[in-house]
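# Structural characterization, general
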Amino acid sequence: MTRVRVTAPRAAAGTAVRGAPRPFESREAAQDSEVGQVFVRSLVRSQLRLALVVAGGFLLILAAFPLTLVLVPGLADTRIAGIPFDWLLLGAGIYPVIGLGAWLYVRTAARNEARYRDLAGDQ
């Protein structure tokens, strides 16, 4: 009986799922150099900035929902299918905002990481 070793090409490592991150080899190699440390700090700063912007935007939109009920007269008394509009606005209207914020965050975070991988891979 003969043993056979099955391997994948080196370029395909870590890409079993489309868009999956590469192994941490390039990150560890990048952290060893001074330039790599700058890249890592830049990635951490950009991800933190993104998180703060998305959280701040979400809180502003969340605060604006009840303000619309106060600023638009008669809106709080409106009923749709027997349900008060303010309940619909706060109960069902916020979920698309949460979904949109999450989608934008994931998309932009992935773009930041892809830029980092491109920079770290060029060293």
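What counts as what
- Residues numbered from 1 in each chain as written.
- Predicted model: local features only at pLDDT ≥ 70, side-chain atom pairs only at ≥ 80, totals over all residues.
- Heavy atoms only, no water.
- 1 Å grid on protein atoms, 1.4 Å probe; cavity = no way out; pocket = protein on both sides within 12 Å on 5 of 7 lines; lining within 4 Å.
- Points joined across faces, edges and corners; volume = space filled by probe spheres on them.
- Helix = DSSP H or I, 4+ residues; strand = E, 2+ residues; numbered from the N terminus.
- Expected span 1.5 Å × (residues − 1).
- Bend = angle between axes of the 7 residues up to and from the residue.
- Buried < 20%, exposed > 50% of the residue type's maximum accessible area, 1.4 Å probe, protein only.
- Axes fitted to C-alpha atoms, helices over the stretch in contact; angles between N-to-C directions.
- Parallel < 35°, antiparallel > 145°, perpendicular 65-115°, else oblique.
- Contact = heavy atoms within 4.5 Å.
- Nonpolar A, V, L, I, M, F, W, Y, C, P; charged D, E, K, R; others polar.
- Lys, Arg positive; Asp, Glu negative; His and termini not counted.
- Salt bridge = Lys/Arg side-chain N within 4 Å of Asp/Glu carboxyl O.
- pLDDT = per-residue confidence, 0-100.
- Patch = residues over 30% accessible without salt bridge, like charges linked within 9 Å, V, L, I, M, F, W, Y side chains within 5 Å.
- Areas by Shrake-Rupley, 256 points an atom, 1.4 Å probe, with all protein chains shown as cover.
- Core = buried A, V, L, I, M, F, W, Y, C linked by side-chain atoms within 4.5 Å.

### Notes on the layout of surface pockets
- Approximately 180 Å³ is the volume found for the second largest pocket.
- Lining the second largest pocket, in full, are V53, V54, G57, F58, I61, V97, I98, L100, G101, A102 and L104.
- Those elements that place two or more of their residues in the lining of the second largest pocket are α2 (34-71) and α4 (94-121).
- For the lining of the second largest pocket, the element with the most residues is α4, which contributes 6 residues.

### As for α2
- Given a rise of 1.5 Å per residue, 38 residues ought to cover 56 Å, and the 54 Å separating the end C-alpha atoms of α2 matches this to within 8%.
- The largest bend in α2 comes to about 25 degrees, at F65, with the proline P66 one to four residues further on.
- The set of residues buried in α2 consists of G36, V40, L43, S46, Q47, L50, F65 and L69.

### A closer look at the packing of α2 against α4
- Two elements in contact, α2 and α4, have axes separated by 10 Å at closest approach and are oriented at 170 degrees. Accordingly, the angle class assigned to the pair α2 and α4 is roughly antiparallel. Counted together, F39, V40, L43, S46, Q47, L50, A51, V54, F58, I61, L62 and F65 of α2 and I94, V97, I98, G101, Y105, T108, A109, N112, E113, Y116, L119 and A120 of α4 form the full contact between these two elements.
- Looking at the contact of α2 with α4 residue by residue, the classes come out as 18 nonpolar, 5 polar and 1 charged.

### A closer look at the side chain of D86
- Along the chain, D86 turns up in helix α3 (residues 85-91).
- With no salt bridge to any partner, buried D86 finds its closest opposite charge in R79, at an N-O distance of 7.7 Å.
- Here D86 is in contact with L69 and A76, once residues within four sequence places are set aside.

### Structural notes on the confidence of the model for the chain
- Per-residue confidence for the chain gives a mean pLDDT of 79, with 78% of residues at or over 70.
- Strand β1 (residues 79-80) holds the highest mean pLDDT among the elements of the chain, 90, whereas helix α1 (residues 25-32) holds the lowest, 54.

### Side note on a nonpolar patch on the surface
- Among the surface-exposed residues, L67, V70, L71 and V72 lie close enough to one another that they form a single nonpolar patch of about 410 Å² accessible area.
- Inspection of the secondary structure assignment puts V72 in the loop between α2 and β1.

### Quick notes on the nonpolar core
- Ranked by size, the top nonpolar core spans 5 residues in total: F65, L69, L89, I94 and V97.
- Sorting the residues of this core by element identifies α2 and α4 as the ones contributing at least two each.
- If we ignore the near neighbours within four places in the chain, the residues touching I94 are F58, L62, F65 and L89.

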